[in-house]
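Next come the chains, spelled out residue by residue.
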Amino acid sequence: MNQGFPGWAPDACVSRLEAMRIDDYVAELSDALSGPHGTKRDLVVEARDSLFDAAEALEASGLDRDEAERLAVAEFGHVSEVAPGYQAELTASSGRRLATLLFISLPITVVMWSVLWRLYPATDEVWLHQPAWYGSVSRVLDAIQLSLGLYGGLVLFGLSRGARWIRRPRLAIRSLAVLVWVALPITGGLALLLSYGATAPNTLAALPGALANLVTSAMWGLQVYCATRCLRLTAPERA
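No experiment lies behind these values; they were computed from the predicted model shown.

So, how was this worked out
Residues numbered from 1 in each chain as written. Predicted model: local features only at pLDDT ≥ 70, side-chain atom pairs only at ≥ 80, totals over all residues. Heavy atoms only, no water. pLDDT = per-residue confidence, 0-100. Helix = DSSP H or I, 4+ residues; strand = E, 2+ residues; numbered from the N terminus. Contact = heavy atoms within 4.5 Å. Axes fitted to C-alpha atoms, helices over the stretch in contact; angles between N-to-C directions. Parallel < 35°, antiparallel > 145°, perpendicular 65-115°, else oblique. Left-handed = near helix turned anticlockwise from the far one by under 90°. Nonpolar A, V, L, I, M, F, W, Y, C, P; charged D, E, K, R; others polar.

We now examine the confidence of the model for the protein. Within the protein, residue pLDDT values average 84, and 80% of them lie at 70 or more. Taken element by element, the predicted model of the protein shows its lowest mean pLDDT in helix 1 (residues 10-18) (50) and its highest in helix 3 (residues 37-60) (94). Confidence drops under a pLDDT of 50 for residues 1-14, and excluding neighbours within four residues, the segment shows 11 contacts in the predicted structure.

And the structure:
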C-alpha cells in the first residue's frame, strides 16, 4: 500500500503526523506529487483549504491554534495514504492533455499539408517523375496520423465523460504515450521520404514550406514532451 513512500513505519509516522502543522503537511504532500503544475497547485490548495477549515472549526470548539492544526492534520491522514488519490487525478490530467493535443494537432497537420500542396502545386515535371510508391506512402502517412488522432480522441473521452467504462485508465494513458513514441519516427521518416526520396524532390516554396515545417516540429515537440511525462507518471514503480 505504501510502496511509493520508502522508509514508511506506522508508529513513527503516526507520531510525526500528530506533531505536524498544516504548512509542513502541505509541503510534504506537494513534494510527493508529480504532474501538470496547474492541476497539482489546485489540488494542493484544495487540501490546504480543507485543513484550514477543519483547524478553524476545532479552534472554535476551544482548542488552541497549534493543537487544532495538529489534530486537523492527523484526521486528514498520512501523506502515504492521501497522495495516491491525488496522484491518480494528476496522471489522468496528464493523459487528457496528451489525448487532447493528439486529437487536435494531428488532423490539423494532415489538413495543413494537404492545403499547402493544393495552394502550391508541384510542376508537371515533378509529378511525372514520382515513383509508383509515392501515392501509397502518402496515404499511409495520413492514415497513421489520423488513426493516432482518433485514438487520442477515444482516450480523451474515456478519461472524461466515459471514465466509468475504463477500468484501467493508467494503461490507456501509457498505451497512448507509447504509440506517440512509436509513430513519431515512422511518420517523420515517411515525411522525409515523400519530400526527398523521389527523383524530383516534391518541395514547397521557401516561406510556406518553412512555416509548415515549423508548425509541424512544434507539434511534434509538444507531443514528445507530453508523452514522456505520461510514461513517467504511469511507470510501474509509481503504481
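Turning our attention to the packing of helix 3 against helix 4 (residues 65-76). In the contact formed by helix 3 and helix 4, the axes pass within 8 Å of each other and the chain directions differ by 130°. The angle between helix 3 and helix 4 falls in the class oblique. The interaxial crossing formed by helix 3 with helix 4 has right-handed handedness. Residue-level contacts link A47, S50, L51, F52, A54, A55, E56, L58 and E59 of helix 3 to R65, A68, E69, L71, A72, V73 and F76 of helix 4. Partitioned by chemical class, the residues of the contact of helix 3 with helix 4 number 11 nonpolar, one polar and four charged.

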